[in-house]
There are 2 protein chains.
Amino acid sequence: MTVSEYIFDFLQRKGVETVYMVSGSSSMWLTDSLYKNKKLHAVCTHHEQVAAMAADLYGRKNGIPGVALVTIGPGATNAITGVAEAYVDSSPLFIISGQASSKLLSYEQKTGIRQHGTQSLNLEPLVSSITKYFAAVMDPADIRYHMERGYFEAMNGRRGPVWIDVPVDIQNRQVPEDMKPFSYQNSKDADSRDTRSMTSQNDFQEITQRISNAKRPLILAGGGMSKASVSAITQKLQIPVVTSRMGIDRIASDSQFFAGRIGAYGQRGAHFAIQQADLLLILGCRLSVSSIGYYPDRFAVNAYKIQVDIDPKELEKSDVPIDRKLCMSTDAFVDSLAATDKPECSEWVSYCKSLNTRYPVVIEDYHKCNPLNSYYFTSVLSRLAPEDASVVVDTGSVCNVVSQTWSVKREQQYFISGGLSCMGFWAASIGCCTDKKPVIVLSGDGSVSMNVQEFATLCYHNFPIKLFVYQNNGYMLIRHNQHNYMNDRFLGVGPESGVKTPDFCKVADAYGIPNRRISYGDNIEAKITEILSMDGAVICEVMLEQFGPLAPRIASKVMPDGSLKAAEFDDLAPFLNDDEKPVLFHDIAT
Amino acid sequence: MTVSEYIFDFLQRKGVETVYMVSGSSSMWLTDSLYKNKKLHAVCTHHEQVAAMAADLYGRKNGIPGVALVTIGPGATNAITGVAEAYVDSSPLFIISGQASSKLLSYEQKTGIRQHGTQSLNLEPLVSSITKYFAAVMDPADIRYHMERGYFEAMNGRRGPVWIDVPVDIQNRQVPEDMKPFSYQNSKDADSRDTRSMTSQNDFQEITQRISNAKRPLILAGGGMSKASVSAITQKLQIPVVTSRMGIDRIASDSQFFAGRIGAYGQRGAHFAIQQADLLLILGCRLSVSSIGYYPDRFAVNAYKIQVDIDPKELEKSDVPIDRKLCMSTDAFVDSLAATDKPECSEWVSYCKSLNTRYPVVIEDYHKCNPLNSYYFTSVLSRLAPEDASVVVDTGSVCNVVSQTWSVKREQQYFISGGLSCMGFWAASIGCCTDKKPVIVLSGDGSVSMNVQEFATLCYHNFPIKLFVYQNNGYMLIRHNQHNYMNDRFLGVGPESGVKTPDFCKVADAYGIPNRRISYGDNIEAKITEILSMDGAVICEVMLEQFGPLAPRIASKVMPDGSLKAAEFDDLAPFLNDDEKPVLFHDIAT
């Protein structure tokens, strides 16, 4: 068995069925081994960025590593954005790359010369800061260790990407019979996880008592929380749940416990609930600025805050004053609550749900806009979307609009580029197409452009991707930004300022993909229904306001010294009059 | 003056006129300062990869830094391939990036947490290994130092990219009146350059004597050599010149001194000349594997070898046994030869030229191929190309074919992604469009796909780019590779193996770009002439053999143990019979 054969055999035995790739001469033996592995299926993208992004999504969707095979040098650097995305979004991703000969590479490593082999770059310094494990395979006998270690790192603790770089002269070498294994005990990370002090039994009793005694308890579920655990904890404790953007699909929107979504572009009800809660369980959520706003010390200001996270570095942050921090998996935390009494809070549950209903994101005004309003369009699409769809949402204003609006159905999975917010993420949806389930993709025209080469991949495989291009004439989020802060000095946001995206129906035609356009005045429901009923890939350009509202949101103002000052977490713009604000639960209950 | 204003004012004062960019909210003040700087012109690309590549080419063409403005996180990582390319190809490039607030960034720097600010990545570990200087601007008072230092590093010694990362809260801060300057003496690199021992006067006399006494002297000019210096040294010494691929445009092909190009895909005459030379001046050429083949110890085996390079790391390599190494600029070296007597070698000059003529790359057979042969098509295009054109050649088989075939006219500039060999490099041609001179771009269909989003940029500006898409149905170089070494186990090279590129005339139509197609049987000259006479951007798809020959080349064979064994440097495939080989100059002269 060669090194290359070992790599793909290993991954296949871990359950991987599809590998995303762009071929290259310096990955020639790797490519050939993938070809010869009859249990693996290769999907070729037209840019390594998308090979990595698709593999990232494959990993998130299936809970096993996604795998991308790329070539030396530019093949590797082209994958970096996807790897960084997988790193910050905790996605188990394997990058396998071809490399120059081990002799040339080791010279580069040793001397720091710019380049020795043609096309080659010493990748270790380039990617170590965005991978959990990197190895350049300099000896065939090490491949077992590197793969086992890589798999362990990708899948254990806080998940993330790993990178195995294989010099071309090593790829086709035979592996020895006896190879050093990786053992958990050898892992530095594993050691630190083993010795990490867990909460004592006494501490835990106090936590469960606090939960049971809470009057206004609330869960904030993030991307580090599984759907199963959200279901288990709400059934057990019967307390309301708000989600961060990475946690959107962890609870169905029609659940009685669902109380909305927080964020700089969030839902008012969830923000009011957060600020009224007396106990907040922060489960697998890293409390980023875009989730909690600009005043971390006043976030959930009335709550006793318990944060559970598997990554100690997330718990070491001190901007939000947390009362109890537990470094463990959220699944284990939920399991440990088996004996906890549920708090008496059914009125609070109803109150939170009612806030969510009282402050809808999609207001009546939006229904009549010409051109179409993106919130309104999204609400119609969301209503019609199949129960079992994967929903992939690209970055920019579309991510805000859709994440505020989308009503998640029980079986739906919802994917975004959460931490990195990569433009062009729509094409990651290729990684969702391993079963026949529908894939609904929403992306702005600016973002579609960034990976438009993948129209060729959609066409080739006729993937069941329905791509809705939110055509708002460039980069709407930045247009807003330049309007709000630059006094309408526009640069690089639309046709008048240097950026003009194409007619995507024409582009779809050129690539041989069926396409439709939805504009004001169309029967939107009928058109969406038709598109969703079509087989294979469809591209639908939706003609929207190029300066549509983005609300509600945490707004900022420019101060005289040039700095920005933001509003409070529960004071979303457009700002409410006092009589529009909710009566506090405390006042109702007393 | 704000930090952002300072940055663009500084660059403008250095002669920069155009900045390549993709806008973003986290680079908002930078973008606004670029907008407000009336002496700078912004060109918006549709992917940061191309902003960086276009700036790279702008820098190479104009001999001043090219500048790309990108945003935080994915904006920055998207630029990495272009930066790595500029690094290995010694191009002065400034990347200016937006970043999260300095507070969030410094927390990331301090703790190594995956991410704190949304979208942000701590860039220093990501890009330090591919930049000459990186600075995250944490204090407005430092901006003068960072810009002066960055400019110094980009332009001095071996050129290369620098990166200035500016947190969003710093961008709009006022700079103080008194700011610390950068002085040359403070530069660690500068210090080492100062103390680097130069060749003594005695040594130099020996070198000039060796040159004067040589019977078969030869210059190998690389990318580190200026056109002016090649002209000066050939006029002075009257000795023949071969070029590496990065040095292709340093001498016109019709010069009596031009003796061909070396490389794994080279010209036979140049390889014969190299192996017969008794003195080889290696000027600004790093002797990469793709230039010199697989037996460095037998490269120019009969020559006394003198290597001049400004990068000491290139001189420290020991694979090619070099007799004398001079660490200095090639310009200075040529200047220092003022008193050198020219060697007596006019017959050798004629012999080298005759070898070049005797072994043409474009053989008679190619003229009749159906579909068209790429060498033949290139020879026609080259003949018709304007005297003052910039020629931009993408990577893959096209780079081999064109670099072997193109007949360089006196005023032409020829640009490739030499060291990194980036697919998608064609779009860097946007950086050539700062005057009205014609830009001829040659790229394979696979490479065009990688940055096809830039069709929008071509259309928007109606740049004078004539893009010839060498349509060979995917990745021809890798197809050859899989044919030669994998027994026709094809994966990821064409429509039958997972990759199908579109009809680029249709894509051009969709983007509103005039287009043509050239196929076998067409009047090629007439069509090319028409295209070259058209204003603005034109895309021409050229229908070529999908399995065309790539020759002559250094061929390799797979050995029983899986390794590859390559032929000798002057034994290019297809292998010549003894009677086809040249009579050695030595035998003629005696």
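Structure: see above.
Residues numbered from 1 in each chain as written. Chains lettered and ligands numbered in written order. Predicted model: local features only at pLDDT ≥ 70, side-chain atom pairs only at ≥ 80, totals over all residues. Heavy atoms only, no water.

**Details of the sheet that holds strand β11 (residues 304-309) of chain A**
Residue and element names in this part refer to chain A.
In step 1: A sheet is described by the order of its strands in space; here six strands give the open sequence β9-β8-β7-β10-β11-β12, paired in parallel fashion. Two strands bound the open sheet, and with one partner strand each, they are β9 (258-261) and β12 (324-327). Put simply, the sheet's adjacent strands are angled 20° from each other on average, direction ignored.
In step 2: By the bridge criterion, three bridges tie strand β7 (residues 217-221) to strand β8 (residues 241-243) in an arrangement that is parallel. The residue bridging Ile219 from the neighbouring strand is Val241, located in β8.
In step 3: Contacting β7, β8 and β10 (279-283), helix α12 (residues 227-237) runs over the sheet at an angle of about 160° to β10. (Pairing = 2+ DSSP bridges. Helix = DSSP H or I, 4+ residues; strand = E, 2+ residues; numbered from the N terminus. Axes fitted to C-alpha atoms, helices over the stretch in contact; angles between N-to-C directions. Contact = heavy atoms within 4.5 Å.)

**Structural notes on the interface of chain B and chain A**
Note on interface size: it is often stated as the accessible area lost on association of the parts.
In step 1: Each partner contributes to the interface: chain B provides 96 residues, whereas chain A provides 97 residues.
In step 2: Of the roughly 8,100 Å² buried between chain B and chain A, counting both surfaces, carbon and sulfur atoms make up 59%.
In step 3: Linking Asp32 of chain B and Arg489 of chain A is a salt bridge whose minimum nitrogen-to-oxygen distance equals 2.6 Å.
In step 4: Taken together, chain B and chain A are joined by 42 residue pairs in polar contact (both at pLDDT 80 or more). (Buried area = accessible area lost by both parts, 1.4 Å probe. Salt bridge = Lys/Arg side-chain N within 4 Å of Asp/Glu carboxyl O. Polar contact = N/O pair within 3.5 Å; in protein donor to acceptor, adjacent residues only side chain to side chain.)

**Considering the packing of helix α1 (residues 3-13) of chain B against helix α2 (residues 28-36) of chain B**
All names here are of chain B.
In step 1: At their nearest, the axes of α1 and α2 sit 8 Å apart, and the two run at 50° to each other. Regarding the angle of α1 to α2, the classification is oblique. Both α1 and α2 take part in a crossing whose hand is right-handed. Two secondary-structure elements touch here, α1 through Ser4, Glu5, Ile7 and Phe8 and α2 through Trp29, Leu30, Ser33, Leu34 and Lys36.
In step 2: Residue composition of the contact of α1 with α2, grouped by class: five nonpolar, two polar and two charged. (Parallel < 35°, antiparallel > 145°, perpendicular 65-115°, else oblique. Left-handed = near helix turned anticlockwise from the far one by under 90°. Nonpolar A, V, L, I, M, F, W, Y, C, P; charged D, E, K, R; others polar.)

**Comments concerning the packing of aromatic side chains**
In step 1: For the structure on display, the rule yields 36 aromatic pairs over all chains.
In step 2: Ring plane angle 20° and centroid distance 5.9 Å describe the contact between Trp348 of chain A and Tyr351 of chain A, whose orientation is recorded as stacked. Of this pair, Trp348 of chain A and Tyr351 of chain A both sit in helix α17 (residues 346-358), three residues apart, which is roughly one turn of the helix. Residues Trp348 of chain A and Tyr351 of chain A agree in their burial class; the two are buried.
In step 3: When the ring of Phe377 of chain B is compared with that of Phe468 of chain B, the centres are 6.1 Å apart and the planes differ by 50°; the resulting orientation is tilted. Here Phe377 of chain B is found in helix α18 (residues 374-384), whereas its partner Phe468 of chain B is found in strand β16 (residues 465-471), with 91 residues between them in sequence.
In step 4: Among the aromatic residues, ring-to-ring pairing joins Trp426, Phe455, Phe504 and Tyr511 of chain A into one connected group.
In step 5: The ring of Tyr87 of chain B carries Arg114 of chain A above its face, with NZ or CZ at 4.5 Å from the centroid. (Phe/Tyr/Trp six-rings, centres within 6.5 Å; stacked < 30°, edge-to-face > 60°. Buried < 20%, exposed > 50% of the residue type's maximum accessible area, 1.4 Å probe, protein only. Lys NZ or Arg CZ within 6 Å of the ring centre and 35° of its normal.)

Note that every value here comes from positions in space, so none of it alone points to a role or purpose.
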